[in-house]
Amino acid sequence: MMRRNGLALVLVLLMPVMGARAADDASRLFIDDSSTTMKAADRLAGGARADAMRLARVPSATWLAYGTPEITEGLARDVTERAAAVGQIPVLVAYNIPYRDCALYSAGGAADGASYLAWIGGLAKGVGDRTAIVVLEPDGLGVIPWHRTLAGVVEGCQPKGHDEAAAARRYDQLRGAVAILAALPNVRIYLDGTGSSWLAPGEIASRLIRADVDKVAGFFLNVSNFESDARAVPYARWVSDCIALVSRTGLDPRACPSQFSADPFEKPDNRRWIDAAYDRLFAERGLKRAPQSQKHALIDSSRNGLGSWKPPAGRYRDAEVWCNPPARGLGRRPTLASGEAYVDAFLWIKVPGESDGECLRGTAGPEDPERRIKAPAAGQWFVEQARELIELAKPPLDRD
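Residues numbered from 1 in each chain as written. Predicted model: local features only at pLDDT ≥ 70, side-chain atom pairs only at ≥ 80, totals over all residues. Heavy atoms only, no water.

Enquirer: I would appreciate a short explanation of the environment of Arg332 in the present structure.
Expert: Looking at the element boundaries, Arg332 is found in the loop between strand S6 (296-300) and strand S7 (343-347). The spatial distance from the C-alpha of Arg332 to the C-alpha of Ser27 is 14 Å, given a sequence separation of 305 residues. When near neighbours in sequence (up to four residues on either side) are disregarded, Arg332 contacts Asp229, Ser301, Asn304, Ser338, Phe346, Trp348, Lys394 and Pro395. (Helix = DSSP H or I, 4+ residues; strand = E, 2+ residues; numbered from the N terminus. Contact = heavy atoms within 4.5 Å.)

Given below as structure tokens:
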């Protein structure tokens with residue numbers, strides 16, 4: 001997965017049939033005894049197996065990324081039925097959009113828009129009226145084929161044989177997926193909000209609006225990335241505020257204050273400066289922030305306990321800071337009680353312990369020059385990384 005900071009996931013937070021008190025209980029998140037982590041543990045021995053078993057005891061997402069509509073329907077039905085049987089909420093990630101990851105480490109996806117929407121239809125049929133948390137298309141709005149930014153620059157994903165019509169098709173596909181999933185009675189949908197080191201609030205807000213964010217609960221941040229909560233939480237607020245201002249007042253999204261206009265994460269004064277700039281925009285239009293009615297975020301805290309990796313200056317042509325960086329730790333445990341006005345949940349969306357891909361950092365490889373080993377392919381179990389994540393977890397991972 002091209003993890004420049006974000007993702008496009010449909011995370012379906014199913015709360016309507018549960019009382020508010022129960023919905024806030026982290027124990028309501030589904031722990032799958034048939035998860036990919038459990039399957040990895042079955043193939044391992046000794047300390048590596050113990051590490052996988054410890055991670056398997058924490059609820060994490062189920063990724064649906066391949067197969068026919070019928071296969072995906074069966075998988076979604078199996079997970080949601082088993083979760084419903086124990087009164088828990090599963091997190092599903094839909095990751096099969098055409099030109100997924102722009103044909104890089106997590107290449108794949110449906111052949112075309114019609115195939116994709118049929119696949120989403122299978123997923124929806126499998127979920128039915130059961131409770132679920134589904135995540136729609138990591139990178140779906142961060143990595144768009146032949147997409148032109150608000151500044152007029154065509155981005156780097158430029159598959160041969162296509163042109164800027166491919167970007168319009170991506171939005172059609174996401175809007176179509178939203179329409180199918182939003183018809184389910186017990187799902188909340190979240191679209192890709194990327195992350196604080198990737199896009200300015202105005203840039204991602206304009207994409208979210210075009211993808212029908214008004215019809216879903218909100219957006220997700222930091223999927224398969226490492227940005228700290230201290231970065232993700234204020235960014236969630238600014239993206240939500242920008243969506244509200246653009247949608248409600250017609251503000252040009254380029255006018256939304258940006259984290260790139262200051263250094264907001266190193267100095268609290270700069271975060272306050274950006275918050276104050278949003279306050280002024282609301283006030284000038286006779287409005288106030290209304291977090292209870294604005295769009296909310298999900299934050300992937302699976303690997304962000306120590307924040308992002310800072311590579312040695314000048315060592316690598318492309319440091320690929322998103323790809324299996326060394327010495328990272330597990331982050332906040334999954335919870336539906338975020339304590340943050342603009343954040344619905346902290347979740348383990350990326351499955352910790354699974355590789356991001358064969359990271360080369362601008363070299364010919366095949367070894368990762370930072371780790372001095374060849375990393376497993378994307379999605380495969382990475383024994384060494386699992387050990388690091390546990391050892392450096394913040395907060396520490398319980399041993400029970």
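Enquirer: Just checking my understanding: could you explain the sheet that holds strand S5 (residues 218-221) for this structure?
Expert: Backbone hydrogen bonds hold the strands of a sheet together, and the pairing may be parallel or antiparallel. Strand order in the open sheet formed by 7 strands is S1-S2-S3-S4-S5-S6-S7, and the pairing between neighbours is parallel. Every other strand in the sheet has two partners, leaving strand S1 (62-64) and S7 as the edge strands with one partner each. Each strand axis lies, on average, 25° off the axis of its neighbour in the sheet, ignoring direction. Across 4 bridges, strand S2 (residues 91-94) lies against strand S3 (residues 133-136) in parallel orientation. Within S3, the position partnered with Ala94 by the bridge is Leu136. (Pairing = 2+ DSSP bridges. Axes fitted to C-alpha atoms, helices over the stretch in contact; angles between N-to-C directions.)

Enquirer: Sorry, what's going on with the environment of Lys350 here?
Expert: Summarising the element assignment, Lys350 is placed in the loop between S7 and helix H10 (383-391). A sequence separation of 296 residues divides Lys350 from Arg54, and the C-alpha atoms of the two residues are 16 Å apart. Setting aside chain neighbours within four positions, we find Lys350 in contact with Trp63, Ser224, Asp300, Ser302, Arg303, Ser355 and Asp356. At 3.2 Å, the side chain of Lys350 forms a polar contact with the backbone oxygen of Glu354. (Polar contact = N/O pair within 3.5 Å; in protein donor to acceptor, adjacent residues only side chain to side chain.)

Enquirer: Which parts of the structure should I look at to understand the nonpolar core?
Expert: Generally speaking, nonpolar side chains in soluble globular proteins are found buried as a group. Judged by nonpolar contacts, the single largest core of 65 residues is most densely connected at Leu136, Leu141, Leu191 and Leu208. Top element by residues in this core is helix H8 (residues 229-249). It accounts for 11 residues. Grouped together as the second largest cluster of nonpolar side chains are 18 residues, Ile133, Ala217, Ala345 and Leu347 included. (Core = buried A, V, L, I, M, F, W, Y, C linked by side-chain atoms within 4.5 Å. Buried < 20%, exposed > 50% of the residue type's maximum accessible area, 1.4 Å probe, protein only.)

Enquirer: Quick question: what am I supposed to make of the state of the cysteines here?
Expert: Where two cysteines share a covalent bond between their sulfur atoms, that bond is called a disulfide. Going through the model one piece at a time under the given rule, you end up with 3 disulfides. Residue pairing for Cys102: its cysteine sulfur links by disulfide to Cys157, the two sulfurs lying 2.1 Å apart. What sets the handedness of the Cys102 and Cys157 disulfide is the S-S torsion sign, and at about 100° it is right-handed. In this pair, Cys102 sits in the loop between S2 and helix H5 (113-127) while Cys157 sits in the loop between S3 and helix H6 (165-182), placing the two residues 55 residues apart along the sequence. Just as Cys102 is buried, Cys157 falls in that class too. (Disulfide = S-S within 2.5 Å.)

Enquirer: It is not clear to me how the side chain of Asp229 should be interpreted in this structure. Could you clarify?
Expert: Note that Asp229 resides in helix H8. Setting aside chain neighbours within four positions, we find Asp229 in contact with Pro234, Ile299, Ser301, Asn304, Arg332 and Phe346.

Enquirer: Is there a simple way to explain the packing of H8 against helix H9 (residues 268-284) in this structure?
Expert: For any two helices packed against each other, the geometry is given by the interaxial angle and the distance between the axes. Running from N to C, H8 and H9 cross one another at 15°; their axes reach a closest spacing of 11 Å. With respect to H9, the axis of H8 lies roughly parallel. Crossing of H8 against H9: the hand is left-handed. Contacts from Pro234, Arg237, Trp238, Asp241, Cys242, Ala244 and Leu245 of H8 reach H9 at Arg271, Ile274, Asp275, Tyr278, Leu281 and Phe282. (Parallel < 35°, antiparallel > 145°, perpendicular 65-115°, else oblique. Left-handed = near helix turned anticlockwise from the far one by under 90°.)

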